[in-house]
Amino acid sequence: MTDSVLLDPVDLEILRLLQNDARTTYRDLAAAVGVAPSTCLDRVARLRRSGVILGHELRLDAARLGRGLQALLLVQVRPHRRELIDPFVDRIRGLPESRALFHLTGPDDYLVHVAVTDTADLQRLVLDEFTSRREVARVETRLIFQQWECGPLLPPQRPSAAVTRDA
């Protein structure tokens, strides 16, 4: 398990703001959190170096790219051995339809988020890229009706230490 990084309230606010809009300028970000732009730049650089900020993403509308149907595929791999799962993971990650791949506990081994053109394309994908593989024992498909983005990811709230003042 990776050690967590200690973050102060300014760091947390920087992370919250950047997750809402990663294109925010350092000047605007500094003004929003109440520090000098150079301080803000240093803090963001430290957050990158420490591995808290991994990068920036561009979100695309799958439907506008001709992939209007999204689904979650629950995949069972048998036998569940590294010599089979490593090539499986590499293949699935390389498919243009794959949006995300999760290794799971429980009866299903993988959850694959895919974006395809229509149900015929989904059927082709499942048959040609999943069930045709020897190690794939079962695939269950769940269509995605709607998806929502959630709030920014921040560390869990820790109880505040009581502050005492000398009288």
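Residues numbered from 1 in each chain as written. Predicted model: local features only at pLDDT ≥ 70, side-chain atom pairs only at ≥ 80, totals over all residues. Heavy atoms only, no water.

### Some details on the overall build of the protein chain
- Of regular secondary structure, the protein chain possesses five helices and four strands.
- Across the protein chain, helices and strands are ordered from the amino to the carboxyl terminus as α-α-α-β-α-β-β-α-β.
- Dimensions of the protein chain, computed from C-alpha atoms along their principal axes, come out at roughly 75 × 35 × 25 Å.
- Relative to its 167 residues, the protein chain shows a buried fraction of 29%.
- Residue pairs in contact within the protein chain that sit at least 24 positions apart in sequence constitute 64% of those at least 6 positions apart.
- Of the roughly 12,200 Å² that the protein chain leaves accessible, carbon and sulfur atoms contribute 53%. (Helix = DSSP H or I, 4+ residues; strand = E, 2+ residues; numbered from the N terminus. Buried < 20%, exposed > 50% of the residue type's maximum accessible area, 1.4 Å probe, protein only. Contact = heavy atoms within 4.5 Å. Areas by Shrake-Rupley, 256 points an atom, 1.4 Å probe, with all protein chains shown as cover.)

### Structural notes on the UniProt feature "domain: HTH asnC-type" (unreviewed entry) in the protein chain
- Look at the UniProt record and you will see "domain: HTH asnC-type" (unreviewed entry) annotated at residues 7-68.
- Helix and strand shares over residues 7-68 are 53% and 0% respectively, and the end C-alpha atoms of the span are 40 Å apart. (UniProt positions renumbered as here; feature names shortened; annotations may be inferred.)

### Some remarks on the pairing of strand β1 (residues 69-77)
- Burial analysis of β1 places eight of its nine residues in the buried class, which makes it a mostly covered element.
- Note: β1 against strand β3 (residues 110-116), seven bridges, orientation antiparallel. Looking across to β3, one finds that Val75 is bridged to Tyr110.
- As paired strands, β1 and strand β4 (residues 136-144) are joined by eight bridges and run antiparallel to one another. The partner of Ala71 across the bridge, within β4, is Leu143. (Pairing = 2+ DSSP bridges.)

### A few points about the nonpolar core
- Core analysis: the biggest nonpolar cluster contains 20 residues, and Leu73, Val75, Phe88, Leu122 and Phe130 have the highest contact counts within it.
- At the level of elements, β1, α4 (82-94), β3, α5 (119-131) and β4 are the ones that each hand at least two residues to this core.
- Within the second largest apolar cluster, 11 residues are counted, among which are Leu17, Val33, Cys40 and Leu47. (Core = buried A, V, L, I, M, F, W, Y, C linked by side-chain atoms within 4.5 Å.)

### Observations regarding the packing of aromatic side chains
- One pass over the structure, following the stated rule, counts two aromatic pairs.
- Where Phe88 meets Tyr110, the ring centres are 5.2 Å apart and the plane angle is 50 degrees; that geometry is what we call tilted. Of the two residues, Phe88 sits in helix α4 while Tyr110 sits in strand β3, which places them 22 residues apart along the sequence.
- Note on Phe88: relative accessible area 0%, which makes it buried.
- By relative accessible area, Tyr110 is classed as buried at 2%.
- Summarising the aromatic geometry, the rings of Phe88 and Phe130 are spaced 6.4 Å apart at their centres and angled 70 degrees between planes, so their arrangement reads as edge-to-face. Of the two residues, Phe88 is situated in helix α4 and Phe130 in helix α5; the sequence distance between them amounts to 42 residues. (Phe/Tyr/Trp six-rings, centres within 6.5 Å; stacked < 30°, edge-to-face > 60°.)

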